[in-house]
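Topology and contacts: notes
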Amino acid sequence: MPQVRERLKTERGGDVPSVRQVSVFTENRIGAMAALLSVFDSTKVRILALTVVHGFDCAIVRFVLSDTDVATKELIDANYRFTVCDLVAVEVPPGGEGLQLIAKALLAAEIDVHYCYALISSEKIRPSIVVHVDNPSLAAQVLTEARFHLLDEADLRN
């Protein structure tokens, strides 16, 4: 089964591990992505996950970042519009059925998965996904009880 680490409180005071996603609204034009990414050039903020939802005249770029607080300050200073929401970050267990095991655990609890995407792995972060669900607290509780290893923002900063 997946490795479990006990967590008492997250850094932001919650009782379940979570990470924040920053969704940035940008124009759908050539160079917009490069301009957005350059906001973080002078910082130590690392992009750990990224997905783009393409629209007719705009795009939504969803990020998971190594330091959400610093990143949002930089985005404000650069006049970007964005929102922030909680995601559940979970390590994918080794073997070919890891994603299915996560999906089945969430389904058993009748948790609606809106979308998910991969988190960039590193020496300290094993292959993981971030999941946007209708109830992040319940999803974190269910996955923890199913013995999955969840990540929080402290894991992403290290």
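Residues numbered from 1 in each chain as written. Predicted model: local features only at pLDDT ≥ 70, side-chain atom pairs only at ≥ 80, totals over all residues. Heavy atoms only, no water.

1. Points about the overall build of the protein
If you tally the helices and strands in the protein, you get five helices and seven strands. Taken over 158 residues, the protein has a buried fraction of 42%. Considering only residue pairs separated by 6 or more positions, the protein has 71% of its internal contacts joining residues 24 or more positions apart. For the protein, the exposed area adds up to about 8,900 Å²; of that, 54% sits on carbon and sulfur atoms. (Helix = DSSP H or I, 4+ residues; strand = E, 2+ residues; numbered from the N terminus. Buried < 20%, exposed > 50% of the residue type's maximum accessible area, 1.4 Å probe, protein only. Contact = heavy atoms within 4.5 Å. Areas by Shrake-Rupley, 256 points an atom, 1.4 Å probe, with all protein chains shown as cover.)

2. As for helix H3 (residues 98–108)
Buried within H3 we find Gly98, Ile102, Ala105 and Leu106. What you see down the axis of H3 is that its buried residues fit within an arc of 95 degrees, all on one side. Within H3, the exposed residues directed more than 90 degrees away from the buried face are Lys104, Leu107 and Ala108. The secondary structure elements touched by the buried residues of H3 are strand E4 (81–91), strand E5 (113–119), strand E6 (128–133) and helix H4 (136–145). Taken from the residues just after H3, Glu110 is the one with a positive phi, measuring 60 degrees. (Arc of directions from axis to C-beta.)

3. Some thoughts on the environment of Glu145
When you line up the elements, Glu145 lands in helix H4. Along the sequence, Glu145 and Ala105 sit 40 residues apart, while their C-alpha atoms lie 9.6 Å from each other.

4. Some points on the confidence of the model for the protein
Model confidence for the protein is summarised by a mean pLDDT of 88, while 90% of its residues fall at 70 or above. Every residue in residues 1–13 is under pLDDT 50, and counting partners more than four places away or in other chains gives 33 contacts. (pLDDT = per-residue confidence, 0-100.)

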